[in-house]
Amino acid sequence: MAMETGEDEWKVCCGSSDFAKMMVDSAPFESLEAAIHTARDIWFNLVNVTAWLEAFSAHPQIGDTPSPSSINSDFTRWSEAEQSTAFATTSSSALKELADWNVRYKKKFGFIFIICASGKTHAEMLAALKERYENRPIVELEVAATEQMKITELRMAKLFSDKARVVSETTISTTPQAESKAIKRSRPPITTHVLDVSRGTPAAGVEVHLEVWSGTTGPSFGHGGGGVWSSVGTSATDKDGRSGPLMDLVEALNPGTYRISFNTAKYCPGCFFPYVSIVFRVTESQKLEHFHVPLLLAPFSFSTYRGS
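Residues numbered from 1 in each chain as written. Predicted model: local features only at pLDDT ≥ 70, side-chain atom pairs only at ≥ 80, totals over all residues. Heavy atoms only, no water.

Per an unreviewed UniProt entry, the chain goes by Uric acid degradation bifunctional protein TTL isoform X3 and derives from Camelina sativa. The annotation that UniProt attaches to the chain under Pathway (unreviewed entry) is "Purine metabolism; urate degradation; (S)-allantoin from urate: step 3/3." (UniProt positions renumbered as here; feature names shortened; annotations may be inferred.)

As structure tokens, this is what we get:
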């Protein structure tokens, strides 16, 4: 199925106006693979260095909170998601060191440090920054452009995944059977609660974040895969240890890979696990089920189980 995408959407993927215009002129694309093939040709062979620099400047510096004045809310949201894991528990001193190196890097090269942050830790990104600081400017410009293309491809994968889901949901909603079928759920399909087993009480005030994987291939142990984690919803546990809604109340959950993360460091500063992430997969045959993912929290251990 051919995928039509507007100039603003392509600019969210890359940040370059020229790139976005050329992608629109080259559309439609029959598949994500075809779009990526064209995007690489445009990025490395057709746009000029000014377009590269425009794309670089659209990003927040690594470790910074994206500005509300960024290209648009989608660009900001994706930047936050791509850096969220790396900086969820980073200390202020580590952020200060990264900020200092960001200044040194920009002074030498004239543009901010660009790296595909998805799946990387703070330490890995700082090490890469220090290593690449030794490059000659002409070499580093090419390296930064390559990293930008990696980011663009991940965002394209999410864009195509989101569009395919909208088309699927629209098709389903316009059938007579779907129109007459009322939602029977009384709660969202994914829920959670946290129990503090060290105190024998519910854990209140634990920040919870639900994400879904968007990409051509699923994530695997030790590898990020060809995609990116996209935010579904964020909440915090109440006095009973139960989180507020992490997603909309829908009858059928979209099959896919989900990740639910708990900010345990905020609840218990200095605890052994600064944060806990649980990844699980929902298949087509399970989309009508309810998934309850509780966390049993102790100062130095945790355990989980799936229930309903």
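## Some remarks on the overall build of the chain
For the chain, the helix and strand inventory stands at 10 helices and 10 strands. Counting all 308 residues of the chain, 44% fall into the buried class. Within the chain, counting contacts between residues at least 6 apart in sequence, those at least 24 apart form 67% of the total. For the chain, the accessible area works out to roughly 15700 Å², and carbon and sulfur atoms hold 55% of it. (Helix = DSSP H or I, 4+ residues; strand = E, 2+ residues; numbered from the N terminus. Buried < 20%, exposed > 50% of the residue type's maximum accessible area, 1.4 Å probe, protein only. Contact = heavy atoms within 4.5 Å. Areas by Shrake-Rupley, 256 points an atom, 1.4 Å probe, with all protein chains shown as cover.)

## Quick look at the sheet that holds strand β4 (residues 207–215)
Ordered in space as β5-β4-β6-β7, the four strands form an open sheet in which the pairing is antiparallel. At either margin of the open sheet sits one strand with a lone partner, and together these are β5 (227–236) and β7 (276–282). Going from strand to strand, the sheet's axes swing by 25° on average, the running direction of each strand aside. (Pairing = 2+ DSSP bridges. Axes fitted to C-alpha atoms, helices over the stretch in contact; angles between N-to-C directions.)

## Considerations on the side chain of His-193
Relative to the helices and strands, His-193 resides in the loop between β1 (190–191) and β2 (194–196). Taking relative accessible area as the criterion, His-193 reaches 9% and is therefore assigned buried. Side chain to side chain, His-193 and His-292 meet in a polar contact 2.7 Å long. Leaving out residues up to four positions away in the same chain, His-193 has contacts with Gly-241, Arg-242, His-292, Val-293, Pro-294 and Leu-295. (Polar contact = N/O pair within 3.5 Å; in protein donor to acceptor, adjacent residues only side chain to side chain.)

## Here's the deal with the side chain of Arg-132
Positionally, Arg-132 belongs in helix α7 (residues 122–132). A residue is classified by how much of its surface remains accessible, and Arg-132, at 9% relative accessible area, is buried. Polar contacts involving the side chain of Arg-132 include one to the main-chain carbonyl oxygen of Ile-114, which spans 2.9 Å. Every residue in contact with Arg-132, bar those within four places of it in the chain, is listed here: Tyr-105, Phe-109, Phe-113, Ile-114, Ile-115, Glu-140, Val-143, Ala-144 and Glu-147.

## Focus: the packing of helix α1 (residues 7–14) against helix α2 (residues 17–26)
The contact between α1 and α2 brings their axes to 8 Å, and the two run at 130°. In this view, α1 runs oblique relative to α2, as classed from their interaxial angle. Our pair here, α1 against α2, has a crossing hand that is right-handed. Counting all contacts with α1, which are made through Glu-7, Trp-10, Lys-11 and Cys-14, the residues of α2 involved are Ser-17, Phe-19, Ala-20, Lys-21, Met-23 and Val-24. (Parallel < 35°, antiparallel > 145°, perpendicular 65-115°, else oblique. Left-handed = near helix turned anticlockwise from the far one by under 90°.)

## Some details on the pattern of salt bridges
The full count for this structure, using the stated rule, is nine salt bridges. Residue Lys-287 pairs with Glu-284 through a salt bridge whose shortest N-O separation is 2.7 Å. Here Lys-287 falls in the partly exposed class, since its relative accessible area comes to 26%. (Salt bridge = Lys/Arg side-chain N within 4 Å of Asp/Glu carboxyl O.)

## Side note on the pairing of strand β6 (residues 256–262)
Within a regular strand, the side chains alternate between the two sheet faces. The buried count for β6 comes to seven of seven residues, which makes it a mostly enclosed element. As defined by bridge partners, β4 adjoins β6 across five bridges and the pair is classed as antiparallel. Note on β6: the bridge partner recorded for Glu-211 is Arg-259. Across seven bridges, β6 lies against β7 in antiparallel orientation. Within β7, the position partnered with Arg-259 by the bridge is Val-279.

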